Amino acid sequence: MSAVKPTGPLDRVAGAHDAAVLAVARRGEPVARTGLAEALQVTPQAISKILSRLSERGLMAEIGSVSFGPGKPTTLYRIVPESRRAIGLHLTRSRLHGVVTDLTGQILVRREVEIDRGQPVPELISALAGVSRDLAQHGPGELLGVGVGMPGPVDSTEGVYRGASSPADAWHGASVRSLLLEELSLPVLLDHDSRAALVGESWSQPGLLDNAALVLAEEGLGAALRLDGAMVRGAHSRAGEAGHTVVRMGGTPCPCGRRGCAQAEYLAALEEGDPGRAAQVLATVVMDLVRLVDVDRVVLGGRSVYAHHATTMEAIRQALDESLRAESHVHVEVLLSTRGIDLIAAGAACEVLEHEYGLPAALVGPGAG
Ligand SMILES: [Zn+2]
């Protein structure tokens, strides 16, 4: 197997302030020098330089000027969504769902193909490459790269899938990132599905999810964390595996070797046709995350959550109310992902965008050096 090639930054912004200006502009409103200077605590002169730098690169554009009383009119700028694109792929056991997004994370095109979970790695890579090449034909702007989100465990630093080392798991140990990079000659990022989802949600809602957990219920149950504005990965790229925290001692056996893991209990409840009990399991996971890492927003997503969203949201809100009643200063908001089934594919694309244009605190993983 060839050595891992670095996925170097193509177009990374010059510094924290450039990224911060772009983050403000991503909210969609026109921005001006004075407002940005106040918001970011930087001199107006410095902001002017940043705005002209971002405009030269086509990331932002002047859209006119307004006058506030006497003196020079103020120039207004906006982000240019169509200046850049990224491809996002969501790989599951049976499907490959792909999207192209613009610079703000808006989806331009979608593709979906069936995948056979038993197919050998070279076939998997050519399927990923095929969908990427097709998607690359669509949308305006410079194409920055490809993000892939898949169920874990995934080593996002090495770009390797670390699933079960059993003969049943044909993809175990696959260097998805380097193989796909070789195939496409484009930067590639690989990440856990729930982490991709959270990056996507926070990219499209700058500032809203700086202390947040995303709980994803797809084929399994997992979570991702963003604390103090940075994604949390951990020593083995496994932070947030809430699906394997025990919620019932001596409970349902889990493939991980323990009993009563949240994921095993959740899937068992659904299999028995008891969405109410499944919702209770999710509520326990959410409360544990809130207690453990102090988030103020919890985003829920995944096909299984969408299927029972009313029951699930209600169970979680109730658990939060009961648990936090004595702490009136602690507020935790529970949100349902706004992206539906595109959540992970769009998120994987946003990981590429964040890698290039995110705040430096978020620039972790391949090539961040
Ligand atoms: Zn387990």
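About the thresholds
- Once a new chain begins, its residue numbering starts again from 1 and follows that chain's sequence as written.
- For a predicted model such as this one, the threshold for reporting local features is a pLDDT of at least 70, and the threshold for listing and counting side-chain atom pairs is 80 or more; totals across whole chains, interfaces and linings nevertheless cover every residue.
- For the side-chain quantities, the full set of heavy atoms in the structure was used; hydrogens and water were omitted.
- Numbering of helices and strands starts at the N terminus; helices are DSSP runs of H or I of at least 4 residues and strands are runs of E of at least 2.
- Summary of the burial criterion: residues with accessible area below 20% of their type's maximum are buried, those above 50% are exposed, and those between are partly exposed, where the area comes from a 1.4 Å probe applied to protein chains only.
- Working rule for contacts: check all heavy atoms of both residues, and any pair within 4.5 Å makes them a contact.
- Any nitrogen, oxygen or sulfur atom within 2.8 Å of a metal ion counts as a donor, with the limit raised to 3.2 Å for Na, K and Ca, and since water is left out, coordination shells can look unfinished.
- Metal sites are grouped by the angles between bound donors: all angles between 85 and 135 degrees with four donors is tetrahedral, opposite donors over 155 degrees apart with the others between 65 and 115 is square planar for four donors and octahedral for six, and any other pattern is irregular.
- Start and end points for every domain follow an automatic or database-based domain assignment.
- By definition, the buried area sums, over both parts, the 1.4 Å-probe accessible area that each loses when the two are put together.
- Salt bridges are identified by distance alone: a Lys or Arg side-chain nitrogen within 4 Å of an Asp or Glu carboxyl oxygen.
- A 3.5 Å cut-off defines polar contacts: any pair of N or O atoms within that distance qualifies, except that in protein one atom must be a possible hydrogen donor and the other a possible acceptor, and neighbouring residues in sequence count only when both atoms are side-chain atoms.
- When two rings of Phe, Tyr or Trp (its six-membered ring) have centres within 6.5 Å they constitute a pair, described as stacked for plane angles under 30 degrees, edge-to-face for angles over 60, and tilted for the intermediate range.
- When the NZ atom of lysine or the CZ atom of arginine is within 6 Å of a ring's centre and also within 35 degrees of its normal, the charge is said to sit over that ring.
- DSSP calls a pair of strands paired once it identifies at least 2 bridges connecting them.
- Orientation is described by axes fitted as lines to C-alpha atoms, over the contacting stretch for helices, and by angles from 0 to 180 degrees between their N-to-C directions.

1. Concerning the environment of glycine 139
If you trace the backbone, glycine 139 turns up in the loop between helix 4 (121-136) and strand 7 (142-150). Accessibility expressed as a relative area gives 41% for glycine 139, which makes it partly exposed. On a C-alpha basis, the gap between glycine 139 and glycine 35 in space is 32 Å, while along the polypeptide they are 104 residues apart. Those residues in contact with glycine 139 that lie beyond four places of it in its chain are Arg85 and Leu108.

2. Comments concerning the coordination of the zinc ion
Protein-derived coordination of the zinc ion comes from His244 (ND1), Cys254 (SG), Cys256 (SG) and Cys261 (SG), at a distance range of 2.1 to 2.3 Å. Coordination at the zinc ion comes from four donor atoms whose angles at the metal span 102 to 119°, giving a geometry best classed as tetrahedral. Considered as a linear motif, the donors of the zinc ion on their single chain read H-x9-C-x1-C-x4-C.

3. Here we look at the domain arrangement of the protein
Structurally, the protein comprises domain 1 (16-79), domain 2 (82-197 + 343-360) and domain 3 (208-340). Placing a centre on the C-alpha atoms of domain 1 and another on those of domain 2 gives a separation of 33 Å. Across the contact, ten residues belong to domain 1 and nine residues belong to domain 2. Interface area for domain 1 against domain 2, summed over the two sides, is near 770 Å², with a carbon-plus-sulfur share of 66%. Contact with domain 2 buries surface across domain 1, with Ala19, Arg26 and Leu59 losing the most and accounting together for 44% of the total. For the salt bridge of arginine 78 with glutamate 82, the shortest nitrogen-to-oxygen distance reads 3.8 Å. If you look at where domain 1 meets domain 2, you find two residue pairs in polar contact (both at pLDDT 80 or more).

4. Considering the packing of aromatic side chains
Scanning the entire structure with this criterion turns up zero aromatic pairs. Stacked on the ring of tryptophan 203, the Lys or Arg arginine 26 has its end atom at 3.5 Å from the ring centre. Taking the ring centre of tryptophan 171 as reference, the NZ or CZ of arginine 117 above it sits at 3.9 Å.

5. Topic: the sheet that holds strand 3 (residues 74-79)
One open sheet accounts for three strands, arranged 1-3-2; its pairing is antiparallel. If you trace the sheet from one side to the other, it starts and ends with strand 1 (31-32) and strand 2 (60-66), each paired once. Bridge analysis of strand 2 against strand 3 gives six bridges, and the strand direction is antiparallel. Directly across from alanine 61, in strand 3, lies its bridge partner arginine 78. Relative to the sheet, helix 3 (residues 44-56) contacts strand 2 and strand 3, its axis offset from that of strand 2 by approximately 125°.

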